[in-house]
Amino acid sequence: MVGKSVVTLDDLSTNQILEMLHKAEYIDAHRKEVSHTCEGRVLATLFYEPSTRTRLSFETAMLRLGGKVIGFAGAQLASVTKGETISDTLKTVSNYVDVVAIRHPKEGAALVASRAASVPVINAGDGGHMHPTQTLADLATLQSRFGRITDLTVGLCGDLTFGRTVHSLIETLCRFGNVRFILISPEELKTPQYVIDRINATPSCSYVEVRDLASVIGDLDVLYMTRVQKERFFNEDDYLRLRDTYILDESKMALAKPHMAVLHPLPRVNEIAVEVDDDPRAAYFEQVKNGMLMRMALESSVVGDDLPGYEPLNPKEVQA
């Protein structure tokens, strides 16, 4: 993985993904030992659209590994306002740093960046397209809750049209197989055909599309909630009409399995009631921690810095 860009999770083999999960677990248990792993390294965070969690997570990951961070948050702070292309920005920034994390509102921007850069580029989200490190955080949360990322019934609820985290998670789980998907959304926000095609192309995976969360919540091992994203709508009336379609509260949680895990990529607006936060099945803040750990695993891997004391996963232990 040294020198490798991660634009989508298709850039990583299933073995490499399992290796990242294993590394993240090791990092969590050996925070002090790994704290000088990337000493002398510099990460650039180039965020052309707003983000709190993702940017801070990438930055904290490098700082906790002993490296440093430069970057910007918001296109108005970058030379793009003077007309500079992404390619030129990346060719320039590559001279300063060892690895780049980029977020951009346009689909395909991360691929353009990775082709222009002479250092590894990690996609921190490009438009409605892909958000690979969020998916790694999701997988790490499944792994920590269930000890596996297969043989699960996974419900995805809310905005399944524009939710890049949903598309990325479904596609990646299909690579591992043996997952039953329950797709819960209003007609206007249903799962795109290319994602359905991916499920259909995986013999060990299946799906159903439903409109009502309460009717299926009792079947789920995992409930992945998403917000209806105002910034993806052209018409405010449509946004306001659909925003409150699905709200998870204590009454719905009472219908769920005792060990179901509730995930959410955050930020939430009102789709999960605050009362759910104290339920042990709420895993969304744990997801945030797992995101940082997975980014630590990824950043150290692509720059080629070994974690002290870490033993790689034996390929024989890997079920891909």
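Above this text is the structure in question.
Here is a short report on the structure shown in this document. (Residues numbered from 1 in each chain as written. Predicted model: local features only at pLDDT ≥ 70, side-chain atom pairs only at ≥ 80, totals over all residues. Heavy atoms only, no water.)

## What to know about the packing of aromatic side chains
- Under the criterion given, the structure shown has 3 aromatic pairs.
- Pairing Tyr26 with Tyr310 gives two aromatic rings, centres 5.4 Å apart and planes at 70°, and the pair type is edge-to-face. Of this pair, Tyr26 sits in helix H1 (residues 14–29) while Tyr310 is found in the segment after helix H10 (284–303), placing the two residues 284 residues apart along the sequence. In this structure, Tyr26 and Tyr310 share a single accessibility class: buried.
- Seen from the ring of Phe58, Arg295 lies directly overhead, with NZ or CZ sitting 4.9 Å from the centre. (Phe/Tyr/Trp six-rings, centres within 6.5 Å; stacked < 30°, edge-to-face > 60°. Helix = DSSP H or I, 4+ residues; strand = E, 2+ residues; numbered from the N terminus. Buried < 20%, exposed > 50% of the residue type's maximum accessible area, 1.4 Å probe, protein only. Lys NZ or Arg CZ within 6 Å of the ring centre and 35° of its normal.)

## Concerning the pairing of strand E1 (residues 42–47)
- Extensive coverage of E1 is indicated by the burial of 6 of its 6 residues.
- Burial of the side chains of E1 extends over both faces: Val42, Ala44 and Leu46 are buried on one face and Leu43, Thr45 and Phe47 on the other.
- Pairing between E1 and strand E2 (residues 68–73): 6 bridges, direction parallel. Looking across to E2, one finds that Thr45 is bridged to Gly71.
- Taking the sense of rotation as the criterion, the β-α-β connection linking E1, helix H2 (residues 53–64) and E2 turns out right-handed.
- Sheet analysis places E1 next to strand E3 (residues 99–104), joined by 5 bridges and oriented parallel. Among the inter-strand pairings, Ala44 is bridged to a residue of E3, identified as Val100. (Pairing = 2+ DSSP bridges. Right-handed = clockwise from strand over helix to strand, strands pointing away.)

## Quick look at the sheet that holds E3
- Taken in spatial order, the 4 strands line up as E2-E1-E3-E4 in an open sheet, and their pairing is parallel. Because the sheet does not close on itself, it has two edges, and the strands there are E2 and strand E4 (121–126). The mean angle between the axes of side-by-side strands here comes to 10°, regardless of whether they run parallel or antiparallel.
- Here E3 pairs with E4 via 4 bridges, running parallel. By the bridge assignment for E4, Ile102 is matched with Asn123.
- Across the face of the sheet, helix H4 (residues 109–116) comes into contact with E3 and E4 while running at roughly 165° to E4. (Axes fitted to C-alpha atoms, helices over the stretch in contact; angles between N-to-C directions. Contact = heavy atoms within 4.5 Å.)

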